[in-house]
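# Structural features, examined
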Amino acid sequence: MKIRATPKDDAMCGWYHTAPARQARPAHMGNTTTRWTVLGAGFTGLAAARQLAAHYPDQEIVLVDAQEVGFGTSGRNAGFAIDLPHDIGAEDYIGDIGIAKTTLKLNRLGQTILHGLVEQHGIDCQLRASGKYQAAVEPRGIAVLEAYRRGLDKLGEPYEVIPGKDLPGHLGTAFYRQALFTPGTMLVQPSALVKGLADTLPPNVTLYENTPITEVDYGDKVTLTHTKGRIVSDKLILANNAFGARFGFLQRTVLPMYLYASLTRPLTEAEQASLGGKPFWGVIPADPYGSTVRRTHDNRILIRNSFSFNPDQQSRPDCLARFVHKHRESFARRFPMLPEVDFDYTWSGSLALTQNHQSFFGQLAPNVYGALFCNGLGITRGTVTGTLLADMIAGQRHELTDFLLSTSSPNVLPPEPFLSVGVNATLWWGQRKAGRES
Ligand SMILES: Cc1cc2nc3c(=O)[nH]c(=O)nc-3n(C[C@H](O)[C@H](O)[C@H](O)COP(=O)(O)OP(=O)(O)OC[C@H]3O[C@@H](n4cnc5c(N)ncnc54)[C@H](O)[C@@H]3O)c2cc1C
């Protein structure tokens with residue numbers, strides 16, 4: 001089977017360029033036979049490979065990625081390693097309390113794994129347990145915060161409601177009318193984190209970067225082919241997110257979306273003084289189509305908003321050029337005290353959404369497994385699902401594995417052209433409705 005789309009991200013990801021530089025591992029060449037191959041070296045694949053290596057210390061685990069580690073989606077996100085569930089299909093954003101509690105356990109396990117690895121290996125990635133602000137400016141957004149507050153009460157999780165008049169003391173900007181602060185989120189420089197995770201893999205993991213797999217052949221063994229060679233494995237673990245659906249399974253279940261972000265230059269001391277507020281924070285929008293905003297450890301501001309539906313799974317320069325203007329407007333609305341601050345970087349990243357927000361976790365064929373479709377929350381979730389998938393393959397199952405297996409059912413999507421028409425209309429309306437939240 002030919003793989004008709006492989007990842008080719010744009011070159012201007014600010015996290016990638018401002019993370020500590022590293023030497024990429026060589027691309028794969030020639031023929032290799034191995035027991036295990038993990039495809040995709042993002043959060044999910046790195047976790048799966050590391051855990052498989054721990055279960056099978058005498059066996060080689062091959063980990064392969066189309067691009068350099070830290071250059072793909074895992075290095076392109078907003079860097080919120082979130083603990084709390086946020087079910088946008090439920091009225092109070094918490095929904096079924098049993099599912100919400102297990103989701104919380106999963107996310108916290110993901111955080112614990114990441115935090116442990118960062119500490120153990122001294123990974124320089126600015127991981128901080130700084131919590132997150134969920135902020136609103138429009139009445140609809142305030143209503144979302146109110147509903148989420150009720151959901152958090154139901155779940156028994158702490159939060160603080162911060163009225164608009166106090167927000168400049170936190171964020172500098174007087175833009176927002178209200179925020180809900182929840183303490184459990186960790187913020188991170190995502191590209192620095194995945195680069196660090198890749199450089200601290202156990203010695204029995206062999207990582208090949210810049211190796212796009214263009215053909216797969218399933219049989220007693222799985223053969224992955226690329227332009228310079230082949231990897232033949234007893235078992236394959238697909239950890240390549242939206243691109244997983246190109247490998248013959250779960251077809252028509254995933255929506256390949258692209259998200260857009262910009263990062264400013266570092267603020268000068270005078271600009272920091274005129275901004276005010278705390279030196280390090282992260283805001284997610286009450287409206288899913290609103291803007292995520294961060295003040296980073298190196299005093300830059302990140303703005304993340306705008307979506308596009310790219311069924312060919314390729315990044316689109318025309319969207320980048322269009323959305324940088326939206327980022328500028330969103331920045332100007334929030335930070336009128338920083339009129340001279342330009343963006344150093346603007347980039348896009350691919351996201352795998354499913355219609356019912358379910359990911360895939362489990363076995364796809366006798367010798368193929370997958371942890372796929374991040375649904376926008378892959379830092380903690382990818383880490384924990386990659387780890388638990390490796391545990392399951394090694395014969396270890398627990399409560400969380402059973403939960404993942406029982407909820408692993410992405411819906412089948414409508415056929416084209418209805419799909420594109422429906423998705424584009426939803427995006428257009430959502431982004432318009434977001435109003436000043438964007
Ligand atoms: C702008 C943006 C903001 C986001 N913000 C957040 C956030 O704040 N918090 C959060 O938790 N999540 C966020 N996300 C989502 C998060 O980035 C993903 O959930 C996460 O990266 C998923 O990790 P993964 O390892 O499953 O997949 P990926 O990171 O997509 O990794 C899959 C890997 O597979 C490789 N691959 C694919 N096909 C092939 C092939 N044919 N051959 C070889 N390799 C292949 C790719 O190169 C890629 O490196 C955001 C995403 C974007 C785009």
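Residues numbered from 1 in each chain as written. Predicted model: local features only at pLDDT ≥ 70, side-chain atom pairs only at ≥ 80, totals over all residues. Heavy atoms only, no water.

Turning next to the overall build of the protein chain. In terms of helices and strands, the protein chain carries eleven helices and 18 strands. In summary, the protein chain has a C-alpha radius of gyration of 21 Å against a globular reference of 22 Å for 438 residues, a match within 12%. Overall, the C-alpha framework of the protein chain stretches about 65 × 50 × 45 Å when taken along its three principal axes. When each of the 438 residues of the protein chain is scored for burial, the buried share is 60%. Counting only carbon and sulfur atoms, one obtains 54% of the accessible surface of the protein chain, whose full area is about 17,300 Å². Averaging the locations of the 43 positively and 40 negatively charged side chains of the protein chain gives two centres separated by 3 Å. (Helix = DSSP H or I, 4+ residues; strand = E, 2+ residues; numbered from the N terminus. Rg over C-alpha atoms; globule rule 2.2 N^0.38 Å. Buried < 20%, exposed > 50% of the residue type's maximum accessible area, 1.4 Å probe, protein only. Areas by Shrake-Rupley, 256 points an atom, 1.4 Å probe, with all protein chains shown as cover. Lys, Arg positive; Asp, Glu negative; His and termini not counted. Charge placed at Lys NZ, Arg CZ, Asp CG, Glu CD.)

Attention now goes to the site of the ligand. Lining the immediate surroundings of the ligand are 35 residues, of which Thr44, Asp65, Ser74, Phe80 and Gly378 lie closest. Within the side chain of Thr44, a nitrogen or oxygen atom sits 2.6 Å from an oxygen atom of the ligand. Within the backbone of Phe80, a nitrogen or oxygen atom sits 2.8 Å from a nitrogen atom of the ligand. Coverage of the ligand by the protein amounts to 96% of the 990 Å² it exposes when considered alone. The set of elements that each furnish at least two residues to the shell around the ligand consists of helix H2 (43-55), strand E16 (343-353) and helix H9 (378-393). The biggest single contributor to the shell around the ligand is E16, with three residues. (Near = heavy atom within 4 Å. Polar contact = N/O pair within 3.5 Å; in protein donor to acceptor, adjacent residues only side chain to side chain.)

Structurally, His28 is set in the loop between helix H1 (14-18) and strand E1 (30-39). Residue classification places His28 among the buried positions, given a relative accessible area of 1%. A distance of 2.7 Å separates polar atoms of two side chains, one belonging to His28 and the other to His226. Those residues in contact with His28 that lie beyond four places of it in its chain are Tyr208, Glu209, Thr211, His226, Lys228, Arg230 and Ile231. (Contact = heavy atoms within 4.5 Å.)

We now examine the packing of aromatic side chains. Across all of its chains, the model carries eleven aromatic pairs by this definition. Ring plane angle 65° and centroid distance 5.4 Å describe the contact between Tyr289 and Phe307, whose orientation is recorded as edge-to-face. Placement of Tyr289 in the loop between strand E13 (281-285) and strand E14 (292-295) and of Phe307 in strand E15 (residues 301-309) is noted, with a sequence separation of 18 residues between them. Considered together, Tyr289 and Phe307 belong to a single accessibility category, that of buried residues. For the ring pair Phe331 and Phe335, a centre distance of 5.1 Å and an interplane angle of 45° mean the geometry is tilted. When sorted by exposure, Phe331 lands in the same class as Phe335, which is buried. Linked through ring pairs, Phe331, Phe335 and Phe343 together constitute an aromatic cluster. One Lys or Arg, Arg322, reaches over the ring of Phe323 and ends 4.9 Å from the middle of that ring. Over the ring of Phe343 we find Arg328, and its NZ or CZ is 4.8 Å from the ring centre. (Phe/Tyr/Trp six-rings, centres within 6.5 Å; stacked < 30°, edge-to-face > 60°. Lys NZ or Arg CZ within 6 Å of the ring centre and 35° of its normal.)

With that settled, the discussion passes to helix H4 (residues 139-155). With 17 residues, H4 ought to run about 24 Å at 1.5 Å a step, and its terminal C-alpha atoms sit 24 Å apart, in line with that. For H4, the complete set of buried residues consists of Gly141, Ile142, Val144, Leu145, Ala147, Tyr148, Gly151, Leu152 and Leu155. Where the residues of H4 are buried, they touch helix H3 (97-121), strand E4 (132-136) and strand E6 (178-182). Looking one or two places after H4, you find Gly156, whose phi comes out positive at around 75°. (Expected span 1.5 Å × (residues − 1).)

The next thing to look at is the environment of Asn356. Among the secondary structure elements, Asn356 is positioned in the loop between E16 and strand E17 (360-365). In this structure Asn356 comes out as partly exposed when scored by relative accessible area, which is 23%. C-alpha separation for the pair Asn356 and Tyr258, spaced 98 residues apart in sequence, amounts to 18 Å. The contact partners of Asn356, leaving out residues within four places of it in the chain, are Ser409, Pro410 and Asn411. Within the structure, the side chain of Asn356 is placed 2.8 Å from the backbone oxygen of Ser409, a separation counted as a polar contact.

Paired through backbone hydrogen bonds, the strands of a sheet run either parallel or antiparallel to each other. With mixed pairing, eight strands are arranged side by side in an open sheet as E5-E6-E4-E13-E14-E15-E12-E16. What marks the edges here is a single partner per strand, and that holds for strand E5 (160-163) and E16. Going from strand to strand, the sheet's axes swing by 25° on average, the running direction of each strand aside. The pairing of E14 with E15 spans four bridges and is classified as antiparallel. Note that in E15 the partner of Val293 across the bridge is Ile303. (Pairing = 2+ DSSP bridges. Axes fitted to C-alpha atoms, helices over the stretch in contact; angles between N-to-C directions.)

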